[in-house]
Amino acid sequence: MRRSARYIRLPDLLMERDELAVTEHSDAKMLRKYARYGLPVIDEWLTEDVDDVAI
């Protein structure tokens with residue numbers, strides 16, 4: 001059972017989201033990119049408090 005996986009650090013994921021928001025306003029593009037993986041692994045999730053602005 002081969003599954004595709006993607007490892008990404010949360011700070012890198014948020015930085016990528018912010019860069020796309022400035023250039024394209026395309027959350028859908030980012031969602032499509034990560035939706036194709038069967039197992040997304042997000043490291044450093046909730047190591048710090050998350051407020052409504054960071055989400």
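Relevant structure appears above.
Residues numbered from 1 in each chain as written. Predicted model: local features only at pLDDT ≥ 70, side-chain atom pairs only at ≥ 80, totals over all residues. Heavy atoms only, no water.

Quick rundown of the overall build of the protein? Include the residues and the values.
The secondary structure content of the protein amounts to two helices and two strands. For the protein, the succession of helices and strands along the chain, N to C, is β-α-α-β. For the protein, the accessible surface area stands at approximately 4,900 Å², while carbon and sulfur atoms represent 56% of it. (Helix = DSSP H or I, 4+ residues; strand = E, 2+ residues; numbered from the N terminus. Areas by Shrake-Rupley, 256 points an atom, 1.4 Å probe, with all protein chains shown as cover.)

An account of a nonpolar patch on the surface is requested, with residue identities and associated values reported.
Nonpolar side chains collect at one region of the surface, where Tyr 7, Leu 39 and Val 41 lie side by side and expose about 290 Å² of accessible area between them. With respect to the element layout, Tyr 7 can be found in strand β1 (residues 5-9). (Patch = residues over 30% accessible without salt bridge, like charges linked within 9 Å, V, L, I, M, F, W, Y side chains within 5 Å. Salt bridge = Lys/Arg side-chain N within 4 Å of Asp/Glu carboxyl O.)

Hey, could you go over helix α1 (residues 10-23) for me, with residue numbers and the actual values?
Relative to the 20 Å expected for 14 residues at 1.5 Å per residue, α1 spans 20 Å between its end C-alpha atoms, a close match to the ideal helical length. Leu 10, Leu 13, Glu 16 and Leu 20 are the residues of α1 that are buried. For α1, the angular spread of buried residues about the axis comes to 125°, placing them on one side. Close packing links the buried residues of α1 with β1, α2 (27-35) and β2 (39-43). (Expected span 1.5 Å × (residues − 1). Buried < 20%, exposed > 50% of the residue type's maximum accessible area, 1.4 Å probe, protein only. Arc of directions from axis to C-beta. Contact = heavy atoms within 4.5 Å.)

Please provide a residue-by-residue account of the environment of Glu 16, values included.
Along the chain, Glu 16 falls in helix α1. On the basis of relative accessibility, which here comes to 17%, the residue Glu 16 falls in the buried class. When the C-alpha atoms of Glu 16 and Met 30 are compared, they prove to be 8.5 Å apart, with 14 residues separating the residues in sequence. Setting aside chain neighbours within four positions, we find Glu 16 in contact with Ile 8, Met 30, Lys 33 and Tyr 34.

Got a sec to walk through the packing of α1 against α2? Specific residues and values, please.
The interhelical angle for the contact between α1 and α2, taken along N-to-C directions, is 140°, at an axis separation of 9 Å. The two elements α1 and α2 cross, and the hand of that crossing is right-handed. When α1 is examined against α2, the residues Leu 13, Glu 16, Arg 17 and Leu 20 are found in contact with a partner set consisting of Asp 27, Met 30, Lys 33 and Tyr 34. Classifying every residue of the contact of α1 with α2 by side-chain character gives four nonpolar, no polar and four charged. (Axes fitted to C-alpha atoms, helices over the stretch in contact; angles between N-to-C directions. Left-handed = near helix turned anticlockwise from the far one by under 90°. Nonpolar A, V, L, I, M, F, W, Y, C, P; charged D, E, K, R; others polar.)

Could you give me a rundown of the pattern of salt bridges, with the residues and numbers involved?
Opposite charge on two side chains permits pairing when their charged atoms draw close. Considering all chains together, one arrives at four salt bridges under this definition. A salt bridge links Glu 16 to Lys 33; the nearest nitrogen and oxygen atoms lie 2.9 Å apart. Taken as a pair, Glu 16 in helix α1 and Lys 33 in helix α2 lie far apart in primary sequence, 17 residues in all. Arg 17 is the salt-bridge partner of Asp 18, the closest N and O atoms lying 3.1 Å from each other. For Asp 18, a relative accessible area of 41% translates into the label partly exposed.

Don't take any of this as a statement about function, it's just geometry.
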